[in-house]
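Next come the chains, spelled out residue by residue.
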Amino acid sequence: MYDDYRDKPYVTFRDTQKGNFEYFGSNVYKDSIINVLGNDCYMVVTKSEYGTSRTYYSDDIRVNYSDFEGHQVGNWYNKLKEVNGAITLKTITEYDTYYEIQEAVKIVERNVDDNDFELPKKPVAAAFSALDSRAEMMQPTPEQIQCYQEKVSKVSSIDGEKYICYMSFLLLKDGTIGYIEPYEKDDSGFYLVASDIIQNCGF
């Protein structure tokens, strides 16, 4: 399975036969009905390590779920099988302080041909979930720790609060790190410090 994001200068791939997070179970509520784009939809409540989701499906819009047998990313095959191939039209997800609503705004039928599956001319890299074994981080050297502490000391006590910056990057064939990007660009610019640490402290 290839993931191509418009804002990324590379494409990642992963093994669809490996699940990417744990599901704890689900319940189907055929009598809990809402209407999305003129379609009556029933609710399925799913619990996973990412919280609780309420997802709404219409029996009028479906695919052949057997085509996806073995597809474990997002628990995709099992979800489709549970609702006989019905497609999600609305999902509400709650997890701690995280709350998200996704809802279809238009349904358009179109033909799909082989050109739709051609990869763009970008470097292709394995996502961490595609690895056969978990990558273990090496213990940092005293020099790396000192470099980190020097760069962090300038910003670590602002307002007396802690700040965490999540960064993504690629580990290149020669062992160096490239394509360093923050998941979010905070207004205080802490992501710039995090990028500086990754680039210049020898990790």
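Here the structure is shown first, and the text comes after it.
Being a predicted model, the structure only gives us computed values, none of them experimental.

Q: Help me get a handle on the pattern of salt bridges, residues and values and all.
A: Applying the stated criterion across every chain yields a total of 10 salt bridges. Across the pair Lys 122 and Asp 4 runs a salt bridge whose closest N-O atoms are separated by 2.8 Å. Of this pair, Lys 122 sits in the loop between strand S7 (98–103) and strand S8 (124–126) while Asp 4 sits in strand S1 (residues 2–4), and the two are 118 residues apart along the sequence. Given a relative accessible area of 24%, Lys 122 falls into the partly exposed group. Classification of Asp 4 by relative accessible area gives partly exposed; the value is 41%. Linking Lys 90 and Glu 103 is a salt bridge whose minimum nitrogen-to-oxygen distance equals 3.5 Å.

Q: Break down the sheet that holds S8 for me, with residues and values.
A: Strand order in the open sheet made by the three strands is S1-S2-S8, with mixed pairing throughout. Each end of this open sheet is capped by a strand with a single partner; those strands are S1 and S8. For this sheet, the mean angle separating the axes of adjacent strands, direction not counted, is 30°.

Q: Just give me the short version of the packing of aromatic side chains, but keep the residues and values in it.
A: For the structure shown, the criterion picks out seven aromatic pairs. On the basis of an interplanar angle of 50° and a centroid distance of 6.1 Å, the ring pair of Tyr 65 and Tyr 77 is categorised as tilted. Here Tyr 65 is found in the loop between strand S5 (51–62) and helix H1 (76–82), whereas its partner Tyr 77 is found in helix H1, with 12 residues between them in sequence. Judged by its relative accessible area of 23%, Tyr 65 is partly exposed. Exposure remark for Tyr 77: the relative accessible area of 11% places this residue in the buried category. In this structure an aromatic cluster arises from ring pairing among Phe 21, Tyr 23 and Tyr 50. Across from the ring centre of Tyr 42, 3.7 Å away, lies the NZ or CZ of Lys 30, which sits over that ring.

Rules used throughout
Each chain carries its own residue numbering, running from 1 in the direction its sequence is written. It should be noted that, the model being predicted, local features are given only for residues of pLDDT at least 70 and side-chain atom pairs only at 80 or more, the latter also being counted only at that level, while totals for whole chains, interfaces and linings use all residues. Side-chain numbers here rest on the full set of heavy atoms in the structure, without hydrogens or water. When a carboxyl oxygen of Asp or Glu is within 4 Å of a side-chain nitrogen of Lys or Arg, the pair counts as a salt bridge. Note on conventions: DSSP H or I runs of at least 4 residues are helices, E runs of at least 2 residues are strands, and numbering of each starts at the N terminus. Only protein chains enter the accessibility calculation, which uses a 1.4 Å probe. A residue is then buried if its area is under 20% of the maximum for its type, exposed if over 50%, and partly exposed in between. Criterion used throughout: strands pair if DSSP finds at least two bridges between them. In this analysis an axis means a line fitted to C-alpha atoms, helices contributing only their contacting stretch, and an angle means the value between N-to-C directions, from 0 to 180 degrees. Centre distance within 6.5 Å is the pairing criterion for rings of Phe, Tyr and Trp, where only the six-membered ring of Trp is used; planes under 30 degrees apart are then read as stacked, over 60 as edge-to-face, and the remainder as tilted. By definition, being over a ring means that NZ of Lys or CZ of Arg is both within 6 Å of the ring centre and within 35 degrees of the ring normal.

In short, the description is geometric, and any link to function would need to be established separately.
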